[in-house]
Amino acid sequence: MPDVSGPGSLSALRLANRRRLLGALPAAQAVSQAELARLTGLAPATISGLVRALVDEGELVVRQGVANGRRSRLVERAPVRLRYGIGVDLGRTHVKVVAGAAPGDVLAESAVVLDGGLRPDTVLEVIGALAASARQQAGLTSAQIAGVAVGVPAPIDTATGVVTETAILPALVGFPLRDEVARLLGRPVVVENDANLGALALARRAGAGRSVVFVKVGSGIGAGVAVGGELLRGDSGAAGEIGHLALDPGLSVVCRCGRRGCLETVGSAESVRTALSSALQRDLGLDEVLGLINDGHPVAVHVLEDAGELLGRGLGWLAMILNPADIALGGPLLAAGDAWLGPVRQGFRRAVLPGVAERTRVAISPLGEGTEAVGALVASLSAGD
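Being a predicted model, the structure only gives us computed values, none of them experimental.

## Points about the layout of surface pockets
Size it by volume and the largest pocket reaches roughly 1100 Å³. Lining the largest pocket are 45 residues, with His-94, Lys-216, Gly-218, Ser-219 and Pro-332 positioned closest to its centre. When contributions to the lining of the largest pocket are tallied by element, the ones reaching two or more residues are strand S5 (94-101), helix H6 (194-206), strand S11 (212-217), strand S12 (221-227), helix H8 (269-280) and helix H9 (286-294). Counting residues per element, the lining of the largest pocket draws most heavily on H9, which supplies 3 residues. In terms of residue class, the lining of the largest pocket is built from 17 nonpolar, 15 polar and 13 charged. Here the lining of the largest pocket gathers at least three residues from each of two domains, domain 2 (84-199 + 372-382) and domain 3 (208-369).

The following block contains the structure:
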């Protein structure tokens, strides 16, 4: 792996050169270092240094051979070996870290609740501690980790790995999260929207050719979309931000974005907590809300059903545009099971054409609460490529 512990510009250049070399190396073919210099446009000395580092890491092998009629040191990819990575699910109130192997098999995990809120120094400290714990539980050394991926519940500038919207993680907007985690862990890092990572995990599970939507229903509502195994991000990285669909502009609740009628004000886990707290005239935590729902409390069940039906209506709008094969739900309301899923499906059926309702599967994610973390693990395995 490249040394990413130095200054940001230098580590970024090393990583870019590494990717350029690996991208230029023909599959199943050995070439000379001189040819690699020609293919990449990099200086021969730079190529020599990169090749030495990649041989040490087991990515490349060098052997003596003949190129253009002359004895040369030929470079080729090493035989395929198991790759390991670290996936980080960074939420507004939690951090979960998993360590695992291709194609997304989790070997160990560590998690913590963030009571003090999200501050950059706290985030880095927690990620560092949990990553070390998960890696050690999995029996892996730092050198075996191919890369790291961090999922966050916000739009991301994929070029810089920086959070771009203030709604859920205001303390991290503009913070160089990717570069700081790379400095901390000494490995290549990608930062991605957590719902996108959930879609990536489910797309890998579903197989090529299926279009998949993963909907994270928590403090807000966000969706990740994968078509043919590739993420649909949109021009500014905001594809899938369905929580801000104007479901009913006449609603009195003001969304955190400043507008009225957004889906997340009536269909999110937070909206359920807020509505039930108001109805029972006491401030409830989400665990208390889920407890009341599972106990069959009539007011709690009614509030959940209303929220589920409205969420299903929003998913119907999404389905009429994208027409996915599968819509998978994630987030804390999974614990309510069919009491939540039933109303969501009902609202969905009412919002779409009969043929779409018949052919679209709306279900709880088969990966459960670990969906985003598994997606981060999948993304981590290509972070250094």
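Resuming the write-up.
## Observations concerning the domain arrangement of the protein chain
As assigned here, the protein chain comprises domain 1 (10-77), domain 2 (84-199 + 372-382) and domain 3 (208-369). The gap between the C-alpha centroids of domain 2 and domain 3 is 24 Å. Between domain 2 and domain 3, the residue contacts involve 16 residues of the former and 18 residues of the latter. When domain 2 packs against domain 3, close to 1500 Å² is buried across both sides, 52% of that on carbon and sulfur atoms. Considering only the surface of domain 2 that becomes buried against domain 3, Asn-196, Ala-199 and Glu-372 emerge as the three largest contributors, covering 33% of it. For the pair domain 2 and domain 3, the interface holds 3 salt bridges. Taking the shortest distance from any N to any O, the salt bridge between Asp-194 and Lys-216 comes out at 3.1 Å. At the junction of domain 2 with domain 3, the criterion picks out 4 residue pairs in polar contact (both at pLDDT 80 or more).

## What to know about the sheet that holds strand S6 (residues 105-113)
Across the sheet, 5 strands lie side by side as S6-S5-S4-S7-S10; this open sheet has mixed pairing. Among the strands making up the open sheet, the edge pair consists of S6 and strand S10 (189-193). Going from strand to strand, the sheet's axes swing by 20° on average, the running direction of each strand aside. Pairing between strand S4 (residues 84-90) and strand S7 (residues 145-152): 6 bridges, direction parallel. In the strand pairing of S7, Tyr-84 is matched with Ile-145. H6 rests against S4, S7 and S10 of the sheet, and its axis sits at about 100° to S10. Along the sheet, helix H13 (residues 371-380) contacts S4, S5, S6, S7 and S10; its crossing angle with S4, the most-contacted strand, is approximately 140°.

About the thresholds
Residues numbered from 1 in each chain as written. Predicted model: local features only at pLDDT ≥ 70, side-chain atom pairs only at ≥ 80, totals over all residues. Heavy atoms only, no water. 1 Å grid on protein atoms, 1.4 Å probe; cavity = no way out; pocket = protein on both sides within 12 Å on 5 of 7 lines; lining within 4 Å. Points joined across faces, edges and corners; volume = space filled by probe spheres on them. Helix = DSSP H or I, 4+ residues; strand = E, 2+ residues; numbered from the N terminus. Nonpolar A, V, L, I, M, F, W, Y, C, P; charged D, E, K, R; others polar. Domains from an automatic or database assignment. Contact = heavy atoms within 4.5 Å. Buried area = accessible area lost by both parts, 1.4 Å probe. Salt bridge = Lys/Arg side-chain N within 4 Å of Asp/Glu carboxyl O. Polar contact = N/O pair within 3.5 Å; in protein donor to acceptor, adjacent residues only side chain to side chain. Pairing = 2+ DSSP bridges. Axes fitted to C-alpha atoms, helices over the stretch in contact; angles between N-to-C directions.

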